[in-house]
Amino acid sequence: MQRSLPSAGRAGAAAVVFAILAAAPLTAQNAPIRGFPSSMLSSERQLEATAHAVPSPDSLRARMRLLSEEPHEAGTDRSKHVAELILARFKAMGLDAHIEQFEAYMPQPVSRSLKLVQPGGFVATLVEPPLPRDKDSDDAHQLPTFNAYSADGDVEGDLVYVNYGIPEDYAVLDSLGISVKGKIVIARYGHSWRGIKPKVAAEHGAIGCIIYSDPANDGYVQGDVYPDSTMRPWFGVQRGSVMDMPVYPGDPLTPGWASEPGGRKLPLDQVRTIMKIPVLPISYGDALPFLKNLTGPVAPPSWRGGLPITYHIGPGAARAHLALKFDWKSRPLYDVIVRIPGALSPDRWVVYGNHHDAWVNGAEDPLSGTVALEETARSLATLLKQGWRPARTIILAAWDGEEWGLLGSTEWAEKHQDELRDKGVVYLGSDTNYRGWLGAAGSHSLEAFIEQLARDIPDPDTKKSVLQALLDHEREQAPENRKDSIAFHIGALGSGSDYTAFLDHVGMASANMSYGGSTGAGIYHSIYDSFDFYRRFLDPTYQYEVTESRTMTSALMRLADAPVLPFEFTRAAKTYRQYADQIAKEANAKDATKDLDLSAVYAALDHLDQAAARYETALAGIDGMSPQNVRTRWKNLQAVNTPLAQAELALTSDTGLPDRDWFRHLIYAPGLYTGYGVKTMAGIREAVEDMPDGQVAQAQAARVAQALERYAGKVDEAAQALEGIR
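A quick note: this is a predicted structure, and the numbers were derived from the prediction, not measured.

Some thoughts on the environment of Ile186
- Inspection of the secondary structure puts Ile186 in strand E6 (residues 184-188).
- Given the relative accessible area of 0%, Ile186 is considered buried.
- Between the alpha carbons of Ile186 and Gln108 there is a distance of 23 Å; along the sequence they are 78 residues apart.
- Not counting chain neighbours up to four residues away, the residues in contact with Ile186 comprise Leu159, Val160, Tyr161, Val162, Asn163, Ile210, Tyr212, Ala287 and Leu291.

Right, dumping it as structure tokens:
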């Protein structure tokens, strides 16, 4: 196990390494690192400090400027060009890198029209104006404002305002006796993923859907607008996909298998993820004439936005004509893949990815994450040149087509799914990154690992650890009676980024980590997501870009090199018990599910508690191992690491969730009507919350109990193997 640097490398990096170590939070310098014996801590910290000295604000700034120079939406030569720039950078570092090409059914807009028919005279501009203070806002090849996977259509109808357009809003409409059947609905962005809005509208009989950005959410109500400040200007528009991703992401024509030229495709009449009605996003400048001409009941207070009008629901007076046409065909995707072979366990893979495609120039989304990944690659390449080799294989990926529906990552994961289920350890993801606090969500067996990671990374602003900076921030925001109870927790993952295929379909333990939250912004998915916006408002010094790179570098190194994989199951058991308690409480409140019996789930959780405790006791036994012991017993340790790596897979089922078998994870999944938002223990929870149906809920509870028993069994297996090594 090669862990130390040669003398020449040590001499060249000594001063910088010392500075990095000195800057590390004092509480972390001698703290344990999960999965490593005490004898290896000093070596690990020195290696991480060497890697942390590599990321440079100037390098990150220059790469963001280069990659955001032109619009580069997926399916175009410009996206290919960005992929080739990334590939060339990886190869220049001496890394083994290549492009894997896929394809996906991707509609490009041909024509778009939105008119106010009654009272007549207004035609929506559907254009974001360039701003003299932002050179990129006038770039050629900007993708028009549209929603990907909208249906083609030419419809005319009375307009109805549906607030956020989520199921709860239609319950309000029902209570008022207002139907949207045969109508065009107008909904505001927010409170749910955009694809839910046309989905629910179509289910209620609407013939078209308009989605606008209300200034109360991300416009002038929240602050001054761009270019003076960060909020969405009058004619800024949020593009985005409305693919029904809670059914399955990826190429609509190939659910469950990779989409490659000449491969099998579903016939269009079997495709479930394309919207059934035309959908169009517009600005609040374009929305104002439609909304101010609505009559009918005055909207409830919670439905009222920030425009200078009285918000009415309709229908009546306002009538709209919406016409959309798309060019439907399969287009190429370019995933950039780096492979760093493991020296001791090459058949164990740690994967880290961020997408490179953007709706327009995409400085924040996604390039703030992409360039941080590039700097992590440069950090690892520096260590490789100095003699380090990871024990396990590291795979880095710059995905294409994420914005359209997680296309590139899903197709890659589907192509390699058998290998990933056999060899995968953890998927790490990111997306956007800027000044603020660490945000982390993922498999709860990684919560302790992420907390230690956050403990060991300095925060650029406060000079505390990013863990302490986060906890201090959360205490500042918490009510007085909750401040003392603030502790570190990670969220559960639903969907919305490239981890989805790895966690929900493949069954790899996964985590998504990045920084942000210091600045509200209204440029999401618009032409104003530019280099100028990012450098002025989001991370002017690029220090949080450096911090993201350091965070992910340490995460990869620890996952790749820990003699025992750093999973922890006590917190997972506690969190899963909370999910079961929530479901039990909700079930008891409904006649259809009040007899739901979760005793088998609780019994499995009891087993998991016991297995987790046994495992922690056994894990303590490795602390006295020397580096020599680790090297000689590496093969024995694989009897521990194999069930640890397979534990997350035990929480999946080949038959998946009801009516959406692509989603195989029985603990984490996006909700059918929450989009990105997670539904934990989704099979049970949706049968309780959305149907409700006691028989379905009971059947799903049995499946979850069986999965938790399998999971506990893997933990027991790892504990037993550890006990044997002692």
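Overview of the pairing of E6
- Burial analysis of E6 places five of its five residues in the buried class, the great majority of the element.
- Every second residue of E6 is oriented toward a common face, with Ile184, Ile186 and Arg188 on one face and Val185 and Ala187 on the other, all of them buried.
- Bridge count for strand E5 (residues 153-161) against E6 is three bridges, and the pairing is parallel. Note on E6: the bridge partner recorded for Leu159 is Ile184.
- Inspection of the sheet shows E6 paired to strand E7 (residues 208-212) by five bridges, in the parallel sense.

Here we look at helix H16 (residues 499-506)
- Across the eight residues that make up H16, a large majority, eight, are buried.
- Three or more residues of H16 are buried, namely Tyr499, Thr500, Ala501, Phe502, Leu503, Asp504, His505 and Val506.
- Where H16 is buried, its residues meet strand E13 (392-399), helix H12 (407-415), helix H13 (417-423), strand E14 (424-429) and strand E16 (509-517).
- Note on H16: the residue one or two positions beyond its end, Gly507, has a positive phi of about 95 degrees.

Notes on the sheet that holds strand E1 (residues 96-105)
- Here we have seven strands laid out as an open sheet, ordered E1-E11-E13-E12-E14-E16-E15, and mixed in their pairing. In this open sheet, the two edge strands, each paired with only one partner strand, are E1 and strand E15 (436-442). Adjacent strand axes in the sheet meet at a mean angle of 20 degrees, parallel and antiparallel pairs treated alike.
- Strand direction decides the pairing type here: E1 and strand E11 (residues 330-340), joined by 10 bridges, are antiparallel. What sits directly across from Glu100, in E11, is Asp335.
- In this fold helix H22 (residues 634-646) packs onto strand E12 (345-355), E13 and E14, with an angle of close to 45 degrees to the strand it touches most, E12.

Focus: the environment of Phe569
- Assignment of secondary structure puts Phe569 in the loop between helix H18 (543-561) and helix H19 (570-588).
- Take Phe569: its relative accessible area is 1%, and that puts it in the buried class.
- Aside from chain neighbours lying at most four places away, what touches Phe569 is Ser445, Leu608, Ala612, Tyr615, Leu644, Ala647, Tyr711 and Val715.

Description of the packing of helix H14 (residues 447-456) against H18
- Close contact between H14 and H18 brings their axes to 10 Å; oriented N to C, the two are set at 130 degrees. Considering the angle they form, H14 stands oblique to H18. Crossing of H14 over H18 shows right-handed handedness. Residue-level contacts link Phe449, Gln452, Leu453 and Asp456 of H14 to Thr551, Ser554, Ala555, Arg558 and Leu559 of H18.
- Residues of the contact of H14 with H18, tallied by class, amount to four nonpolar, three polar and two charged.

Description of the pattern of salt bridges
- The tally for this structure, following the rule as stated, stands at 42 salt bridges.
- The closest approach of N and O atoms between Asp609 and Arg577, which form a salt bridge, is 2.8 Å. In this pair, Asp609 is assigned in helix H20 (residues 599-619) and Arg577 in helix H19, connecting sequence segments 32 residues apart.
- In this structure Asp609 comes out as partly exposed when scored by relative accessible area, which is 31%.
- Of the residues examined, Arg577 reaches a relative accessible area of 21% and is grouped as partly exposed.
- The residue Glu689 makes a salt bridge to Arg685 at a minimum N-O spacing of 3.5 Å. Here Glu689 pairs with Arg685, and both are found in helix H23 (residues 682-689), just four residues apart, close to one helical turn.
- Owing to a relative accessible area of 6%, Arg685 belongs among the buried residues under this scheme.
- One continuous salt-bridge network, built from bridges that share partners, spans Arg45, Glu48, Arg455, Asp456 and Arg558.

About the cut-offs
Residues numbered from 1 in each chain as written. Predicted model: local features only at pLDDT ≥ 70, side-chain atom pairs only at ≥ 80, totals over all residues. Heavy atoms only, no water. Helix = DSSP H or I, 4+ residues; strand = E, 2+ residues; numbered from the N terminus. Buried < 20%, exposed > 50% of the residue type's maximum accessible area, 1.4 Å probe, protein only. Contact = heavy atoms within 4.5 Å. Pairing = 2+ DSSP bridges. Axes fitted to C-alpha atoms, helices over the stretch in contact; angles between N-to-C directions. Parallel < 35°, antiparallel > 145°, perpendicular 65-115°, else oblique. Left-handed = near helix turned anticlockwise from the far one by under 90°. Nonpolar A, V, L, I, M, F, W, Y, C, P; charged D, E, K, R; others polar. Salt bridge = Lys/Arg side-chain N within 4 Å of Asp/Glu carboxyl O.

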